[in-house]
Amino acid sequence: MTQTASFVESEKARFVTKTYAWMGVALLLSAVSAFFTAISIFDGNELSPFGMFLFGHNMLGFWIFAIAEIALVWGLSAAIRKISLQTAILGFLAYSVINGITLSSIFIVYQIESIVIAFFGTAAMFFVMAFYGATTKKNLATAGRYLMMALIGVIIVSLLEFVMARFFHLNTTILDFLVSIAMVVIFTGLTAYDSQKIMKIASHSNGSEDYQKVSLMAALELYLDFINLFLTLLRFFGKRK
């Protein structure tokens, strides 16, 4: 009985550690990809050929990469039960690199000090909410469902805001401010919810390939929580160049 309990705890710890490790790898890959993309965008004071591909011609290259990363997330989520662990890992790492390429735009728009402050602010908020989600006895499942519904609503409002600003040239400053507040609340809440969900799944982990793929997808969810919270804080407090 003691050996069984010890095995369960060992597998739980291994699952949680691996999940957060994969998240860390994804963040590191995105950071490196974003940095090297940013330094290759300009050739002197002019956009390099790669910079023109990304941000010239109505940002054609940027939208290609943005659509590719969305397609990768959807594809991984839909096919995770059918594909091999190796394929899932390759897709996960590819997504991290592609997302880093699209994130390179923040180095053009924002001052480096703002990016650093937003990153460490995000890390602090993420750690606090992840710890809360992992240790609280309160069931966050209901809150998670409401947060997902709220996220869908905010995405719709953001699309409307984009259309209003781009095609009708309307001032959306107040709406943008409210959307930013909502996004901070939503992604801090989702961080706690996803952390609690990971702990529950970890309790049943047996180290099989299926659970390793679940760990990878859980890491992707945490990664998305972190990145979206980071971008929201940067958008909220960041100083533009």
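Structural data are supplied above this passage.
Residues numbered from 1 in each chain as written. Predicted model: local features only at pLDDT ≥ 70, side-chain atom pairs only at ≥ 80, totals over all residues. Heavy atoms only, no water.

To continue, consider the pattern of salt bridges. Following the criterion strictly, the structure yields six salt bridges and no others. Salt-bridge contacts for Glu11 lead to Arg14; the nearest nitrogen and oxygen are separated by 2.6 Å. A residue pair is termed a helical-turn pair when its members lie 3 or 4 positions apart in one helix, as Glu11 and Arg14 do in helix H1 (residues 2–40) at three residues. Given the relative accessible area of 8%, Glu11 is considered buried. (Salt bridge = Lys/Arg side-chain N within 4 Å of Asp/Glu carboxyl O. Helix = DSSP H or I, 4+ residues; strand = E, 2+ residues; numbered from the N terminus. Buried < 20%, exposed > 50% of the residue type's maximum accessible area, 1.4 Å probe, protein only.)

Here the focus is the packing of helix H3 (residues 60–79) against helix H4 (residues 85–103). Axis separation between H3 and H4 bottoms out at 9 Å; the angle between their running directions is 150°. By the criterion of interaxial angle, the relationship of H3 to H4 is roughly antiparallel. The interaxial crossing formed by H3 with H4 has left-handed handedness. In contact with Phe62, Phe65, Ala66, Glu69, Leu72, Val73 and Leu76 of H3, H4 contributes Ala88, Gly91, Phe92, Ala94, Tyr95, Ile98, Asn99, Ile101 and Thr102. Looking at the contact of H3 with H4 residue by residue, the classes come out as 12 nonpolar, three polar and one charged. (Axes fitted to C-alpha atoms, helices over the stretch in contact; angles between N-to-C directions. Parallel < 35°, antiparallel > 145°, perpendicular 65-115°, else oblique. Left-handed = near helix turned anticlockwise from the far one by under 90°. Contact = heavy atoms within 4.5 Å. Nonpolar A, V, L, I, M, F, W, Y, C, P; charged D, E, K, R; others polar.)

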